[in-house]
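Given next are the chains, with one letter for each unit.
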Amino acid sequence: MGDLLLRATGDANMMRDMLVDTVVMISKEMLVIVVMVGIMAYMDWRLTMVSLAILPLLAVAMFQMSARLRAAVRKHRSKEGRMAMLIGSMLQGIAVIQVFGREEYEDERFGAYNRQDLKQGLKTVRLEANLERMAELVIAVGTAGVLWFGVRRVLAGVLTPGDLIVFTHYLRGMYKPLRRISWVTVRLSKATIAAERVFAVLHADDRIKVRKDARPAPRFRGRIHFKHVSFSYRPGLRVLEDITFTVKPGQTVAIVGANGAGKSTLCGLLPRLYDPDEGSITIDGEKISHFTLESLREQIAVVMQHPMLFPGTIRENIAYGKLDATEEEIVTAAKRAGIHDFVSSLPAGYDTPVGERGETLSGGQRQKIAIARAVIKDPAILILDEPTAELDATSAALVNRTLREVAAGKTTLRVGHRLSELKDADLIVVLEAGRITQMGTHEQLVRMPGWYRKVYELQGGAVPPLAEASGDEDEAALGLAGAAENEGCELAAASGSSPRGEGGGS
Ligand SMILES: Nc1ncnc2c1ncn2[C@@H]1O[C@H](COP(=O)(O)OP(=O)(O)OP(=O)(O)O)[C@@H](O)[C@H]1O
Ligand SMILES: [Mg+2]
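The rules we used
- Residues numbered from 1 in each chain as written.
- Chains lettered and ligands numbered in written order.
- Predicted model: local features only at pLDDT ≥ 70, side-chain atom pairs only at ≥ 80, totals over all residues.
- Heavy atoms only, no water.
- Pairing = 2+ DSSP bridges.
- Helix = DSSP H or I, 4+ residues; strand = E, 2+ residues; numbered from the N terminus.
- Axes fitted to C-alpha atoms, helices over the stretch in contact; angles between N-to-C directions.
- Contact = heavy atoms within 4.5 Å.
- Phe/Tyr/Trp six-rings, centres within 6.5 Å; stacked < 30°, edge-to-face > 60°.
- Buried < 20%, exposed > 50% of the residue type's maximum accessible area, 1.4 Å probe, protein only.
- Lys NZ or Arg CZ within 6 Å of the ring centre and 35° of its normal.
- Patch = residues over 30% accessible without salt bridge, like charges linked within 9 Å, V, L, I, M, F, W, Y side chains within 5 Å.
- Areas by Shrake-Rupley, 256 points an atom, 1.4 Å probe, with all protein chains shown as cover.
- Salt bridge = Lys/Arg side-chain N within 4 Å of Asp/Glu carboxyl O.

Read from one edge to the other, the open sheet built from 6 strands follows the order E6-E9-E10-E3-E11-E12, with strand pairing classed as mixed. In the strand order of this sheet, the two ends are held by strand E6 (300-303) and strand E12 (435-440), each with one partner. Each strand of the sheet is rotated relative to its neighbour by a mean of 15°, with strand direction disregarded. Bridging between E6 and strand E9 (residues 381-385) involves 4 bridges; their strand directions are parallel. Bridged to Val303 within E9 is Leu384. Along the sheet, helix H12 (residues 363-375) makes contact with E6 and E9, crossing E6 at roughly 175°.

Shown next, in the form of structure tokens:
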């Protein structure tokens, strides 16, 4: 984060300054050089050739040293970025630092980073100085050469002493701009690094490839189909493997599984926060990558595990889901999310500012505002990633009722740990370490051995006796409404327990 900020501000400014300065300066100096060389050649072209002989030397030296400088600057900037990141996270986590009594530890860590930053900075400055010294040296050699040949030509009677003095005067006039250009090279080296870093930020979104022929999505009916979807954040580390399931329009699918099983990741694939490495995701039969991002995301509302509020008022945060929302719509959404009474009790009501990252509200209150933000959007598809995780039992019950109401007629993906909350889902998908190991309705899953039955029982749910294992049961477990399309999922039978242990209530 800090690094991104540094890149976006420091590096972008640096780039702009460089570009303007450099273009103006180089063209000016070039002009001076051309004029000087012209006059010198007119006076004595042989001597002029001698004075120009240093140019190739200068070019080679500049080229080599600026490469080294660029490497050093790159390193320095990334050290600075690391510092900015550390400062950012220290400010965010200040309560943790205090509660754990780690002020001194952080102080030292900061000091260590700072020293490294300084060391790398010094290295860069030293290289810069070397580069300039090198230019001076080459220029001195050139001047000496001209003087030597010049004196010989004076002694030979070709040139008068006065001519030589005038010539050396022009020589200085020509070398001065050269010196300046070499100095610009130094700054340019820095600027190219800045450019590199800024472009890297701008292309941070490259995970998803937006097609040029993408078109606006029509209003979705909401049939979602995942087909053999695999995904990894980092190459070689599969987070989701061969995910296949279908949700019919208006149905609710519950996604359950232990911490780290890949539930949130799966949810992120639908609004295309990431694209799958393999397989395809379709809505109403069309690949989601065919739609423009805006039109796709416009119809999907997400309530996330950790609700993110922006600095601004409560009103603004709710209206974020629908920028042109009327006062009435905002209040209605807040009522449906069960937050209206609380907001009204605040002295400033809907104009109460929420602190940076929502710090002035409790976790549950933030979550309800996030729900209101999703409700107001009236989307075709609703993604609820543990929406009740931070709510007390009463609020959870209320919000669950709201969510059921809101979700009516909308295709809903819901993640949760309290299985009793998810019993009504049309389809329950059990994820274990990124794979679907069980799939079916509550009635089906609770009757077969496996993760679902075990965890349901652990959470205090009453489980019926195991069903007789027969071919019929296997069929039933796969399926339910719409399961016919769930090709490739022959995993309905119980599989071993999750290697990561069970998820536990949240
Ligand atoms: N942005 C990310 N970059 C790299 N790895 C990630 C990222 N987000 C999640 N992961 C990894 O992907 C795996 C699945 O994470 P995910 O958040 O989808 O799990 P989850 O099922 O939602 O867990 P929880 O119940 O704790 O919310 C984890 O092993 C996690 O470490
Ligand atoms: Mg999650």
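A separate point is the environment of Ala374. The residue Ala374 is located in helix H12 in this model. Separated by 52 residues in sequence, Ala374 and Lys322 have C-alpha atoms that sit 8.9 Å apart. The contacts of Ala374, once residues within four sequence positions are left out, are Ala301, Val302, Val303, Pro379 and Leu382.

Inspection of the entire model under this criterion finds 8 aromatic pairs. With centroids separated by 5.2 Å and ring planes inclined at 35°, the aromatic side chains of Phe231 and Tyr274 adopt a geometry described as tilted. With Phe231 in strand E1 (residues 224-234) and Tyr274 in the loop between helix H7 (263-269) and strand E4 (278-283), the pair connects residues that are 43 residues apart, well separated along the chain. Each member of the pair, Phe231 together with Tyr274, is buried. An aromatic cluster is built from Phe231, Tyr233 and Tyr274, whose rings are joined through pairwise contacts. Residue placement shows Arg152 over the ring face of Trp148; its charged tip is 5.0 Å from the ring centre.

With antiparallel pairing, 4 strands are arranged side by side in an open sheet as E2-E1-E4-E5. Of all strands in the sheet, those with a lone pairing partner are strand E2 (237-247) and strand E5 (286-287), marking the two edges. By the bridge criterion, 5 bridges tie E1 to E4 in an arrangement that is antiparallel. Each bridged residue has a counterpart across the sheet, and for Ile224 the counterpart in E4 is Ile283.

As a further point, take a nonpolar patch on the surface. The grouping of Leu19, Val20, Val23 and Val24 at the surface amounts to a nonpolar patch, some 380 Å² of accessible area in total. Here Val23 is to be found in helix H1 (residues 2-43). We classify Val23 as exposed; its relative accessible area is 55%.

Just geometry here; none of it tells us what the structure is for.
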